[in-house]
Amino acid sequence: MPKLVAITGATGFIGSVLIKKLIQDNWAVRALTRTARFSDDESIQWIVGDLNNLSALHRLVDSVPYVIHCAATVRGNTFQEFAQTNIEGTKNVLRAVSEQQQAPRFLLISSLAARQPELSWYARSKYLSEQVLTEQSEKLLWTIFRPTAVYGPGDKELKPLFQAMHRGLLPVVGKINNRFGLIHVHDLVAAIQVWLESEKAVQGIFELDDGISGGYSYQSLIALAQLLWNRPVRGVRIPNLLIRNVALANLWLARILRYSAMLTPGKVNELQHPDWVCDNTKIMNALPGWQPRILLRDVLSETLTT
Ligand SMILES: NC(=O)c1ccc[n+]([C@@H]2O[C@H](COP(=O)([O-])OP(=O)(O)OC[C@H]3O[C@@H](n4cnc5c(N)ncnc54)[C@H](OP(=O)(O)O)[C@@H]3O)[C@@H](O)[C@H]2O)c1
């Protein structure tokens, strides 16, 4: 009998890679979807509804031993929009969980951004969603993963940056030697699988990246691209005033034209932050079966087309 796991965010970049891998590994998946475009089969049951729909959330988590809460909004025009999905949505999932006779193990996919809640609406909402969960400590076995920027098949955020590098230009927001971690989506999914298989429940907040000591900088990305593709790549620094004005204009345009902005003043704060490097020691001690295996240098070329 396959083991059952409930997942939110299964239609997104990370969630869709996750459910594919879990189904391959013989898990039975119950997944939330906001659109009724998918059909069930023996390995996946879709529950139609969103994070505001308590009855859908009840059906999602009913009698499951594991819940992975991966849904979140990563773009928005006000703090309220982030809060509604990321904080209130997490509260709603936990409300549904709290009505179960047997509490499932609970994994929240947060973000390294939660380490710096002052930088942006997104970061603050992810930090506060963690708080909502950690307040449940007595009732629930919970784990929080804080991945750094994730790339791989299906990613729409980092891919354009890698493609620009391939064309010979890397836009630089902030200082050229600011540091950041990266992780391939398959390594993140592997960590989730080890969490699911772990006999012992692990409680805590865990950062994860690909294990490159000190992470990357724009400079090291340029060096890597030049080495791999054997052609010059130029870092083009976007002046602070320019990027801030563009972000502000984009935010106001988004409010007027009613689309969800990704480039906002808060996003610029995140991009300019000097240190987004993770330390994997804690997660590797807690989940000894996991270690990152994929390095950007080995897969950078394939990220351009997948
Ligand atoms: N990508 C990264 O680099 C990265 C880095 C660190 C942490 N994370 C975290 O990883 C998680 C997944 O990110 P992602 O990159 O896969 O994002 P994504 O592609 O934007 O997917 C977000 C998922 O959440 C769902 N969702 C959003 N609002 C919802 C709502 N109100 N009700 C129900 N479902 C809702 C989306 O459903 P629809 O398909 O219907 O829109 C989608 O399935 C997020 O928690 C994010 O904060 C991502």
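Since the structure is predicted, the reported quantities are computational estimates derived from the model, not experimental observations. (Residues numbered from 1 in each chain as written. Predicted model: local features only at pLDDT ≥ 70, side-chain atom pairs only at ≥ 80, totals over all residues. Heavy atoms only, no water.)

*Asks:* Teacher, can you tell me more about the packing of helix 8 (residues 240-257) against helix 9 (residues 265-272) here?
*Replies:* Angle between the axes and distance between the axes are the two parameters that describe a pair of packed helices. Orientation of helix 8 relative to helix 9, taken along the N-to-C sense of each, is 145 degrees, at an axis distance of 8 Å. Between helix 8, through Asn240, Ile243, Arg244, Ala247, Leu248 and Leu251, and helix 9, the contact on the second element is made entirely by Pro265, Val268, Asn269 and Gln272. Here the residues of the contact of helix 8 with helix 9 sort into six nonpolar, three polar and one charged. (Axes fitted to C-alpha atoms, helices over the stretch in contact; angles between N-to-C directions. Helix = DSSP H or I, 4+ residues; strand = E, 2+ residues; numbered from the N terminus. Contact = heavy atoms within 4.5 Å. Nonpolar A, V, L, I, M, F, W, Y, C, P; charged D, E, K, R; others polar.)

*Asks:* Explain the site of the ligand to me, please; I cannot follow it from the model alone.
*Replies:* The environment of the ligand is made up of 21 residues, and the closest members are Thr11, Ile14, Arg34, Tyr122 and Lys126. Ile14 has a polar backbone atom sitting 2.9 Å from an oxygen atom of the ligand. Between the ligand and Cys70 there is a distance of 3.1 Å, counted from an oxygen atom to a backbone nitrogen or oxygen. Bound to the protein, the ligand loses 82% of the 900 Å² it would expose on its own. Listed by contribution, the elements that provide at least two residues to the shell around the ligand are helix 1 (13-24), helix 4 (121-134) and strand 7 (149-151). (Near = heavy atom within 4 Å. Polar contact = N/O pair within 3.5 Å; in protein donor to acceptor, adjacent residues only side chain to side chain. Areas by Shrake-Rupley, 256 points an atom, 1.4 Å probe, with all protein chains shown as cover.)

*Asks:* Looking at this structure, I do not really get the packing of helix 5 (residues 159-166) against helix 7 (residues 218-229). What am I missing?
*Replies:* At a minimum axis separation of 10 Å, helix 5 and helix 7 run at an interaxial angle of 55 degrees. Between helix 5 and helix 7, the crossing angle belongs to the class labelled oblique. You can see that helix 5 and helix 7 cross each other, and the crossing is right-handed. Residues Phe162, Met165 and His166 of helix 5 form the contact with helix 7, whose participating residues are Leu221, Ala225 and Trp229. Its residues placed into classes, the contact of helix 5 with helix 7 shows five nonpolar, one polar and no charged. (Parallel < 35°, antiparallel > 145°, perpendicular 65-115°, else oblique. Left-handed = near helix turned anticlockwise from the far one by under 90°.)

*Asks:* Just checking my understanding: could you explain the environment of Leu251 for this structure?
*Replies:* When you line up the elements, Leu251 lands in helix 8. C-alpha separation for the pair Leu251 and Leu161, spaced 90 residues apart in sequence, amounts to 21 Å. Those residues in contact with Leu251, other than ones at most four positions away along the chain, are Gly76, Asn77, Trp121, Ala261, Leu263, Thr264 and Pro265.

*Asks:* Even after reading the chapter, I still don't get the state of the cysteines, so can you show me in this structure?
*Replies:* Such a bond, covalent and formed between the sulfur atoms of two cysteines, is termed a disulfide. What the rule picks out here adds up to zero disulfides. Here Cys70 stays unpaired: no disulfide links it, and the sulfur of Cys278, its closest cysteine neighbor, is 16 Å away. A relative accessible area of 14% means that Cys70 is categorised as buried. By relative accessible area, which is 11% here, Cys278 ends up buried. (Disulfide = S-S within 2.5 Å. Buried < 20%, exposed > 50% of the residue type's maximum accessible area, 1.4 Å probe, protein only.)

*Asks:* Where do I start with the side chain of Thr148 in this structure?
*Replies:* Positionally, Thr148 belongs in the loop between strand 6 (142-147) and strand 7. Only 2.8 Å separates the side chain of Thr148 from the backbone oxygen of Gly181, close enough to count as a polar contact.

*Asks:* I would appreciate a short explanation of helix 3 (residues 79-98) in the present structure.
*Replies:* With 20 residues, helix 3 ought to run about 28 Å at 1.5 Å a step, and its terminal C-alpha atoms sit 27 Å apart, in line with that. The sharpest bend along helix 3 reaches about 30 degrees and sits at Gly89. Considered for burial, the residues of helix 3 that qualify are Phe79, Phe82, Ala83, Asn86, Ile87, Gly89, Thr90, Asn92, Val93, Leu94, Ala96 and Val97. Residues of helix 3 that are buried in the fold lie against strand 1 (4-8), helix 2 (54-61), strand 4 (66-69), strand 5 (105-109) and helix 4. (Expected span 1.5 Å × (residues − 1). Bend = angle between axes of the 7 residues up to and from the residue.)

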